Each structure stands twice: as C-alpha cells, then as structure tokens.
Amino acid sequence: MAGKLAVVVLAAGKGTRMKSALPKVLHPLGGRSLVECALDSLIEVDPAHRLVVVGYEADQVRTALAHLDNVTFVEQTEQLGTGHAVQQVLPHLQDFEGDLLVLNGDVPLLRPSTLRQMLEVHQTRQNEATLLTAQFLDPTGYGRVFCNDDDVVTEIIEHRDCTEAQRQNRRINAGVYCFKWSALSKILPELKADNDQQEYYLTDVVKDMTPVVAVDVDDAQEIQGINNRKQLAEAYSILQDRIKDEWMTAGVTFLEPDTTTIDITVQIEPDVIIEPQTHLRGHTVIGSGSRLGPGSLIENSTVGKNATILYSTLSDSQVGDGVRVGPYAHLRGQTVVGDNCRIGNFVEIKKSTLGDRVNVAHLSYLGDATLGNQVNVGAGTITANYDGVKKHPTVIGDRTKTGSNSVFVAPVTIGPDVTVAAGSVVTKDVEADALVVARAKQSTIPGWRSKRYDQSDDTSA
Ligand code: UD1
Ligand code: CA
C-alpha cells in the first residue's frame, strides 16, 4: 500500500465494563454506533486507507459497517491488547510509507478539526509520534502521560500500573495517536506484555520513539472514552448539547432544549420550532416553518414545510407541506401523506398513501390504503386489511367521503366522488359518484315502551 495517511480504528475489544451482549463499539450514540462516530471524525483528514481491527463479535461489527466504502477489516482473533491490535495491520501496510493515525473505537466525540490540527502538528514538526492529551479533573481509568517541559512524552503508564504518586498526574492519554509508520512498524513486533493486565500496550511504543509530542485538546470533552454505561450517558449528553447548539445557530427554536433529543443524522431547516419532549431520530428531515411537539417522536421520516406534529409518533413516513398531525396520531411503515392534510386525534396510518387535502380527523385506522385528493375520512373509519394470513389493499378515489364508523373489508376499491353511508361495512367495489349504504335498514316500532307498560298493568290485575 502506498499513500500519505492510513488510519486504523481499534474495535476488537469486548468492552467488559459495558456488561453487554453487544460489542462496546456498536453501542449507539445519537444515531450512530461508537465506531461509526470514530470513523466520521476522519472527514477532514481524508485518509487513503481505513483499517478497522475487529475481533470480539467480528461479524456483527463488519455487518454494522458494511455500508461504508473503503474500509478494510483486519481480524484480531485474540484480544491481547491495543499494541497487539495494531500489530495485526502490519501485513496490510507492508509498503506503506506515510503516517498512521490510530483511534480507539470507543472515543466518539472527537471533532474532525482536532484530528486535522493534530496531523498538521505531527507533519510540520516531523514527530515520530504525536498524541492527544488533556488534563482531566477525574483521570481515573485512563493512561497517564508523562512529559518533559516541552510536551515531549517520556512515558505513558496505565492507571492500574501507576504508583499512588503517578496517579496524581491528571494528564491523560486520549487513545488518539499519529505515528510515522516506518518507525512504528519496526518497534511494534518488539512489544512486551509485562504489566498488570499482561497485555501488549500500544502506549509502550513511545519509550522507543523520538520525539513523541503530546498535544492538549482545547475541549477535554472531545476525548472522553466510553468504557461503561455511565460514560456512554455522559457522552450522549455532551453530543446532544453540541447538536442542539448547532441547530440553534442554524435558525431552529427550542422551547425547552433539555427535554429534546436529536440524532446527528437529522436535518432541520430554519424557522422550525421544537416544543418540549420532542425527539428526532434517524434519517429525519424537517421543513422550514414546521412546529414539532410538544411530545412528538419522529424517526426516519420527512416532514414538509409549515407542518405541525402535536403529541404524535411518525416512523418511516413522509408528510407534505402544511399538514397538521395529532394530537395522538401514529404514522408508520412507509406512509406518505400529501400536502395540507389533516391527521387528527387517535388516528393510525400504516403503509398508506394519501393525496393532498385529505382529512382523517378522528379515531381511524388506515392500513395498506391508497387515498386520492380531498378525501374526507369520517370518524371511526377502519380499513380491515388483514384476513389473518395476508394484508390486502383498499383504494379510495378523489373527493370520496366515508361515513362515520364505516369499515372497508380489503381488498376493495371505492371510486371517486363516492358517498359512503355511516356505519357501512363495504365488501364490494363501488363505482364513481355512487352512494353506498351497506348496513341493515333501520326499523322503527312506534309506541314500544307504552305498549309494554299497558301489558304489565294487565298482569297485575
Ligand atoms: C486505552 C489506553 C489508555 C487511554 C485510553 C483512552 C492502552 C494500553 N491504553 O485504555 O492509555 O487512556 O485507552 O480511552 O492503549 N482494543 C482492541 N483489541 C484489544 C484491546 C482493545 O481492538 O486487544 C480496542 C477496544 O475495542 C477499544 C480500544 O481498543 O476500542 C481501547 O481499548 P480499551 O480496553 O478500552 O483501552 P483502555 O483501557 O480504555
Ligand atoms: Ca477505553
């Protein structure tokens, strides 16, 4: 391999302290896994090679990253430490002559600019190794970085291997390094595992390289590693603050930002207002002027401009401009709602397509349905789409009005301009412009109570 910069992300560890069946690097943080966060922090350094060391549940990690191009997986069958992990890339970078950036897969909050700046320092000063450090108030668990006065690193000692005096050093190793590959590749095979964990530590290489320079990050939060659920929660909250700050700068109003969560994968146009207790997840896009919440959950969905989504849930769905949803509506399963529709109280819509200006105002279920424009769906209209084995479609034409409490037993097609009488159970197709009444005729028996009253009078005689 030739090229200036290669990157290796260490993602083979189990993450014992997470107490989880899921490999640590696959735990999600705001819409991406930890290892995806690490890979995304590379956008400004644009490496020629991206290597990911996998081991524990390697197939799961491979599958989770399968959507990424230009990633080579390197297997570390036994997890014998971070140094051992980097040793595994040796056969892959035999003719490589540039620099190797090493990232721990459990450091998800790095800013792309931080990596770029570190690389610039590394290359202009021609260091053999450069590493990111920070002063932590509570450095427990991290490797401590010992330097001479000029930030030249003399040694890195893991927390558990430190003496009590060494633990007073609050300068910690972030697990983010840049190495001159020609120097590192010579030292790597020599690593020894003489430490408390009997692991091959990558940090030991600094003893044999010169110069090794420590660069403090401006914002110590960036290099927070994730070893347990508490750190995962802290990182999530840091990420949330960042995401919401960015959207506020971009013209989005939050009425109570602390009660709202937004995945990194969400896109929001200016002049959107986000009310309390609203959560935006996955690949969601919100058009300008829309008002979301209070109390809405929108995931993998697109909302048009000037829409309102009040106390409702949208998943894998799309609603057009000027649509009013809620309170208490649930749209799911690739539902597509046209412009200026109204989806009201206690309405569920699944895998259905609605044209423009459709009203489904109260208490309805539409599943596998296709509605034209300006359809008025009466209160309590239900599509009976499931026969116990298969789902069937219902088609309703433009301007048709369904009466309250009508049931469409699918498959069934109703033409345009149809009027469906309230309480109908429609089992057969209906042509355009028809009135359909599919219910028992009303029969009225006059004088019912008074007759009974007369009879009871007779028997008492
Ligand atoms: C490591 C550093 C420590 C630093 C900290 C920062 C070493 C010896 N220590 O400690 O100085 O302060 O990160 O977060 O490097 N991994 C593998 N294969 C292995 C072992 C680990 O791929 O055999 C991966 C893990 O999946 C993880 C990363 O390497 O993504 C770091 O491993 P972890 O065990 O969390 O190291 P720390 O003890 O946190
Ligand atoms: Ca760690």
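Residues numbered from 1 in each chain as written. Chains lettered and ligands numbered in written order. Predicted model: local features only at pLDDT ≥ 70, side-chain atom pairs only at ≥ 80, totals over all residues. Heavy atoms only, no water.

Novice: Could you give an account of the site of ligand 1, with specific residues and numbers?
Specialist: Near ligand 1 there are 24 residues, and of these Q76, G81, T82, E158 and N173 occur at the shortest range. A distance of 3.4 Å separates an oxygen atom of ligand 1 from a polar atom in the backbone of L80. A distance of 2.7 Å is found between an oxygen atom of ligand 1 and a side-chain nitrogen or oxygen belonging to T82. Burial of ligand 1 by the surrounding chains reaches 91%, relative to a free accessible area of 760 Å². Of the pockets mapped on this structure, ligand 1 occupies the largest pocket. (Near = heavy atom within 4 Å. Polar contact = N/O pair within 3.5 Å; in protein donor to acceptor, adjacent residues only side chain to side chain. Areas by Shrake-Rupley, 256 points an atom, 1.4 Å probe, with all protein chains shown as cover. 1 Å grid on protein atoms, 1.4 Å probe; cavity = no way out; pocket = protein on both sides within 12 Å on 5 of 7 lines; lining within 4 Å. Sits in = over half its atoms within 2 Å of the grid points.)

Novice: Kindly report on helix α4 (residues 112-124), identifying the contributing residues and their values.
Specialist: The terminal C-alpha atoms of α4, which comprises 13 residues, lie 19 Å apart, in line with the 18 Å expected from a rise of 1.5 Å per residue. Among the residues making up α4, those that are buried are T114, L115, M118, L119 and H122. Buried positions in α4, seen along its axis, are confined to an arc of 130 degrees and lie on one side of it. Of the surrounding elements, those touching the buried residues of α4 are β1 (5-11), β6 (99-104), β7 (129-135) and β10 (171-180). (Helix = DSSP H or I, 4+ residues; strand = E, 2+ residues; numbered from the N terminus. Expected span 1.5 Å × (residues − 1). Buried < 20%, exposed > 50% of the residue type's maximum accessible area, 1.4 Å probe, protein only. Arc of directions from axis to C-beta. Contact = heavy atoms within 4.5 Å.)

Novice: Before we move on, can you summarise the packing of aromatic side chains with the specific residues and values?
Specialist: Scanning the model with the defined rule gives 4 aromatic pairs in all. Their ring planes at 20 degrees and their centres at 5.6 Å tell us that Y177 and F179 sit as a pair that is stacked. For the pair shown, Y177 and F179 are each scored as buried. Seen from their ring centres, Y311 and Y328 are 5.6 Å apart, and the 20 degrees between their planes marks the pair as stacked. With a gap of 17 residues between them, Y311 in the loop between β21 (308-309) and β22 (313-315) and Y328 in the loop between β24 (324-325) and β25 (329-332) connect regions that are remote in the sequence. You can call Y311 partly exposed: its relative accessible area is 38%. An aromatic cluster is defined as three or more aromatic residues linked by ring pairs; in this entry it consists of Y311, Y328 and F346. One Lys or Arg, K391, reaches over the ring of Y386 and ends 5.1 Å from the middle of that ring. (Phe/Tyr/Trp six-rings, centres within 6.5 Å; stacked < 30°, edge-to-face > 60°. Lys NZ or Arg CZ within 6 Å of the ring centre and 35° of its normal.)

Novice: Any details on unusual backbone geometry? Residues and values, ideally.
Specialist: With omega at 0 degrees, the peptide bond leading from G293 into P294 counts as cis. In this model, K351 sits at a positive phi of 40 degrees, which is unusual for a non-glycine residue. Within the secondary structure, K351 sits in the loop between β28 (347-350) and β29 (353-354). Located in the positive-phi region is D368, a residue other than glycine, with phi close to 55 degrees. By relative accessible area, which is 13% here, D368 ends up buried.

Novice: Residue-level account of the coordination of the calcium ion (ligand 2), with values.
Specialist: When four donors bind a metal tetrahedrally, each ideal donor-metal-donor angle is 109.5 degrees, and when six bind octahedrally, the ideal angles are 90 or 180 degrees. Taken together, the protein donors to the calcium ion (ligand 2) comprise D106 (OD) and N227 (OD1), at separations of 2.4 to 2.5 Å. Of this pair, D106 sits in the loop between β6 and α4 while N227 sits in the loop between β11 (212-216) and α6 (229-249), and the two are 121 residues apart along the sequence. Exposure class is identical for D106 and N227. Each is buried. (Donors = N, O, S within 2.8 Å, 3.2 Å for Na, K, Ca; no water.)

Novice: So what's going on with the nonpolar core? Which residues, and what values?
Specialist: I268 and I343 are the most contacted members of the largest nonpolar core, which has 55 residues in total. Within the residue set of this core, elements represented by two or more residues are α1 (34-40), α6, β25, β28, β32 (369-371) and β38 (412-414). Apart from residues lying up to four places away in sequence, I343 is in contact with R324, V325, G326, A329, L331, V337, I349, L354 and V360. Core analysis: the second largest hydrophobic core is formed by 35 residues, V54, L65, L115 and I172 among them. (Core = buried A, V, L, I, M, F, W, Y, C linked by side-chain atoms within 4.5 Å.)

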